[in-house]
Amino acid sequence: MDHLVRSTPLGRGEAARVVLDVLAYFDETTEEFVRRRHRELQSGGLTNAGIFQRIAEELPHRAVAPPELSQRQLRRIVYG
């Protein structure tokens, strides 16, 4: 946090919030990521076919990539 305060225009409170946001992002499980992205993309007007395709494309780019999931597996994560 000290480094962020010294090297950016962020104040200490803002730097703390950024650090906590980044840690929360990397702490997110695959299931949480899939559900969150589904909600975000659905609210953006995408249909499920497009949503699950996009999530499948995004998953390998996560910091710790999960094993490849089929669109059926992604649907089961979201809908049970």
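Residues numbered from 1 in each chain as written. Predicted model: local features only at pLDDT ≥ 70, side-chain atom pairs only at ≥ 80, totals over all residues. Heavy atoms only, no water.

Caption draft 1: Geometry of the overall build of the protein chain. Within the protein chain one finds 5 helices and 0 strands. In sequence order, the secondary structure elements of the protein chain are arranged as α-α-α-α-α. Here the protein chain has a C-alpha radius of gyration of 16 Å; the compact-globule value for 80 residues is 12 Å, and the former is much larger. C-alpha extents for the protein chain along the principal axes are approximately 45 × 30 × 20 Å. Considering only contacts within the protein chain whose residues lie at least 6 apart along the sequence, 35% involve residues at least 24 apart. Carbon and sulfur atoms form 55% of the exposed surface of the protein chain, whose accessible area is close to 5700 Å². Of the side chains in the protein chain, 12 bear a positive and 11 a negative charge, and the two mean positions are spaced by 4 Å. (Helix = DSSP H or I, 4+ residues; strand = E, 2+ residues; numbered from the N terminus. Rg over C-alpha atoms; globule rule 2.2 N^0.38 Å. Contact = heavy atoms within 4.5 Å. Areas by Shrake-Rupley, 256 points an atom, 1.4 Å probe, with all protein chains shown as cover. Lys, Arg positive; Asp, Glu negative; His and termini not counted. Charge placed at Lys NZ, Arg CZ, Asp CG, Glu CD.)

Caption draft 2: Quick look at a nonpolar patch on the surface. Residues Val 18, Val 22, Tyr 25 and Phe 26 make up a contiguous nonpolar surface patch of roughly 340 Å² in combined accessible area. Tracing the chain through its elements places Phe 26 in helix 2 (residues 12-27). (Patch = residues over 30% accessible without salt bridge, like charges linked within 9 Å, V, L, I, M, F, W, Y side chains within 5 Å. Salt bridge = Lys/Arg side-chain N within 4 Å of Asp/Glu carboxyl O.)

Caption draft 3: Just the environment of Tyr 79, in detail. Position of Tyr 79 among the secondary structure elements: in helix 5 (residues 71-79). Separated by 44 residues in the primary sequence, Tyr 79 and Arg 35 place their C-alpha atoms 9.1 Å from one another. The residues contacting Tyr 79, other than those within four sequence positions of it, are His 38, Gln 42, Asn 48 and Phe 52. A polar atom in the side chain of Tyr 79 sits 3.4 Å from the side chain of His 38. At 3.1 Å, the side chain of Tyr 79 and the side chain of Asn 48 are in polar contact. (Polar contact = N/O pair within 3.5 Å; in protein donor to acceptor, adjacent residues only side chain to side chain.)

Caption draft 4: The arrangement of the pattern of salt bridges in detail. Inspection of every chain in the model, using the stated rule, returns 7 salt bridges. Glu 40 is paired through a salt bridge with Arg 36; the nearest N and O atoms lie 2.8 Å apart. Taken together, the positions of Glu 40 and Arg 36, both in helix 3 (residues 30-43) and 4 residues apart, correspond to about one turn of that helix. Overall, the relative accessible area of 35% leaves Glu 40 in the partly exposed class. Given a relative accessible area of 23%, Arg 36 falls into the partly exposed group. (Buried < 20%, exposed > 50% of the residue type's maximum accessible area, 1.4 Å probe, protein only.)

Caption draft 5: Molecular detail of the packing of helix 3 against helix 4 (residues 48-58). One way to put it is that helix 3 packs onto helix 4 with a least axis distance of 10 Å and a crossing angle of 135 degrees. It follows that helix 3 is oblique to helix 4 by the angle criterion. By crossing handedness, the relation of helix 3 to helix 4 is classed as right-handed. Contact residues: Phe 33, Val 34, Arg 37, His 38, Leu 41 and Gln 42 in helix 3; Asn 48, Ile 51, Phe 52, Arg 54, Ile 55 and Glu 58 in helix 4. Of the residues belonging to the contact of helix 3 with helix 4, the class tally is 6 nonpolar, 3 polar and 3 charged. (Axes fitted to C-alpha atoms, helices over the stretch in contact; angles between N-to-C directions. Parallel < 35°, antiparallel > 145°, perpendicular 65-115°, else oblique. Left-handed = near helix turned anticlockwise from the far one by under 90°. Nonpolar A, V, L, I, M, F, W, Y, C, P; charged D, E, K, R; others polar.)

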